[in-house]
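Here is what each chain is made of, one letter per residue.
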Amino acid sequence: MQLGDIHGSAFSIGGTNHTNTVHHGGTGAPAPGVQELLEAVLDLRAALVRLPRGTDRSALDAALDGVAEDLEGAEAIRPGLVNRLRTALERWAPLVESVSAATALAGLLASLGG
């Protein structure tokens with residue numbers, strides 16, 4: 001899975017008969033802030049609880065926990081954090097492809113660029 005800049009278009013994350021689509025219009029809306037990104041990370045983390053436990057899920061859990069720690073109490077999204085999240089979603093795409101919270105997080109990351 002590759003996530004890049006998305007402007008005025010739609011994207012989907014999915015495969016194996018599971019597709020989640022987010023439409024991304026050029027509304028000029030401000031980029032999401034720290035709290036919105038933290039909530040999306042925590043939503044994905046909570047959704048993962050329903051997936052079988054394994055090495056990949058444990059690694060993704062740890063990556064999301066690390067990002068959540070970096071966002072908690074932060075005033076701004078630190079440089080590199082968006083790329084870290086994007087890389088985690090790409091690496092574990094087969095694990096999260098059917099989780100709608102992953103699609104929501106991917107949409108936020110797309111709007112943040114980086």
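Just so you know, these numbers come straight off a predicted model, no measurement behind them.

> How should the nonpolar core be read in this particular structure?
Generally speaking, soluble globular proteins have nonpolar side chains that are buried together. Within the largest apolar cluster, 28 residues are counted, with the highest numbers of intra-cluster contacts made by Leu 37, Val 41, Leu 44, Leu 71, Leu 85, Leu 89 and Leu 105. Of all elements in the fold, only α1 (34-48), α2 (55-71), α3 (81-91) and α5 (100-112) reach the threshold of two or more residues within this core. Counting residues per element, this core draws most heavily on α1, which supplies 8 residues. If we skip the residues at most four places from it in the chain, Leu 105 touches Leu 37, Ala 40, Val 41, Leu 44, Leu 85 and Leu 89.

> Whenever I open this one, the packing of α1 against α2 confuses me. Can you help?
In a pair of packed helices, the angle between the axes and the distance between the axes together describe the arrangement. The interhelical angle for the contact between α1 and α2, taken along N-to-C directions, is 155 degrees, at an axis separation of 10 Å. Relative to α2, the element α1 is oriented roughly antiparallel. Relative to α2, α1 is oriented so that their crossing is left-handed. Contacts from Val 34, Leu 37, Leu 38, Val 41, Leu 42, Leu 44, Arg 45 and Leu 48 in α1 reach Arg 57, Leu 60, Asp 61, Leu 64, Asp 65, Val 67, Ala 68 and Leu 71 in α2.

> For this particular structure, what's the right way to read the pattern of salt bridges?
Note on pairing: side chains with opposite charge can pair once their charged atoms come close. Scanning the model with the defined rule gives 6 salt bridges in all. Where Arg 45 meets Asp 65, a salt bridge forms, and the shortest distance between an N and an O atom there is 2.8 Å. With Arg 45 in helix α1 and Asp 65 in helix α2, this residue pair connects regions lying 20 residues apart in the sequence. Between Arg 57 and Asp 61 there is a salt bridge whose closest N-O contact spans 3.2 Å. Highlighted residues: Arg 57 and Asp 61, both in helix α2, separated by 4 residues, approximately one helical turn. Each of the two residues, Arg 57 as well as Asp 61, counts as buried.

> Help me out: how do you make sense of the confidence of the model for the protein chain in this one?
Low-confidence regions, as indicated by low pLDDT, have predicted coordinates that should not be scrutinised in detail. Confidence in the prediction of the protein chain, expressed as mean pLDDT, is 79, and 74% of residues score 70 or more. Averaged over each element, pLDDT in the protein chain is lowest for strand β2 (residues 18-24) (46) and highest for α2 (94). Overall, residues 5-12 carries pLDDT values under 50, and its contacts beyond four positions in sequence, including any with other chains, amount to 26 contacts. Contacts from residues 17-26, a stretch scored under 50 in pLDDT, to residues over four places away or in other chains number 34 contacts.

> When you look at the packing of α3 against α5 in this model, what are you seeing that I'm missing?
Between α3 and α5, whose axes approach to 10 Å, the crossing angle comes to 140 degrees. When the axes of α3 and α5 are compared, the pair comes out oblique. Seen from above, α3 lies across α5 with left-handed handedness. Contact residues: α3 offers Val 82, Leu 85, Arg 86 and Leu 89, while α5 offers Ala 102, Leu 105, Ala 106, Leu 109, Ala 110 and Leu 112.

> What's the story with the side chain of Arg 57 in this structure? I'm lost.
Judged by its relative accessible area of 7%, Arg 57 is buried. Setting aside chain neighbours within four positions, we find Arg 57 in contact with Leu 48, Val 49, Leu 51, Pro 52 and Leu 95.

> Please clarify how α1 should be interpreted in this entry.
One turn of an α-helix holds 3.6 residues; hence residues three or four places apart share an orientation. Compared with an ideal rise of 1.5 Å per residue, which puts 15 residues at 21 Å, α1 spans 21 Å between its outermost C-alpha atoms and is within 8% of the ideal. Among the residues making up α1, those that are buried are Val 34, Leu 37, Leu 38, Ala 40, Val 41, Leu 44, Ala 47 and Leu 48. On its buried face, α1 is in contact with α2, α3, α4 (93-96) and α5.

Conventions used here
Residues numbered from 1 in each chain as written. Predicted model: local features only at pLDDT ≥ 70, side-chain atom pairs only at ≥ 80, totals over all residues. Heavy atoms only, no water. Core = buried A, V, L, I, M, F, W, Y, C linked by side-chain atoms within 4.5 Å. Buried < 20%, exposed > 50% of the residue type's maximum accessible area, 1.4 Å probe, protein only. Helix = DSSP H or I, 4+ residues; strand = E, 2+ residues; numbered from the N terminus. Contact = heavy atoms within 4.5 Å. Axes fitted to C-alpha atoms, helices over the stretch in contact; angles between N-to-C directions. Parallel < 35°, antiparallel > 145°, perpendicular 65-115°, else oblique. Left-handed = near helix turned anticlockwise from the far one by under 90°. Salt bridge = Lys/Arg side-chain N within 4 Å of Asp/Glu carboxyl O. pLDDT = per-residue confidence, 0-100. Expected span 1.5 Å × (residues − 1).

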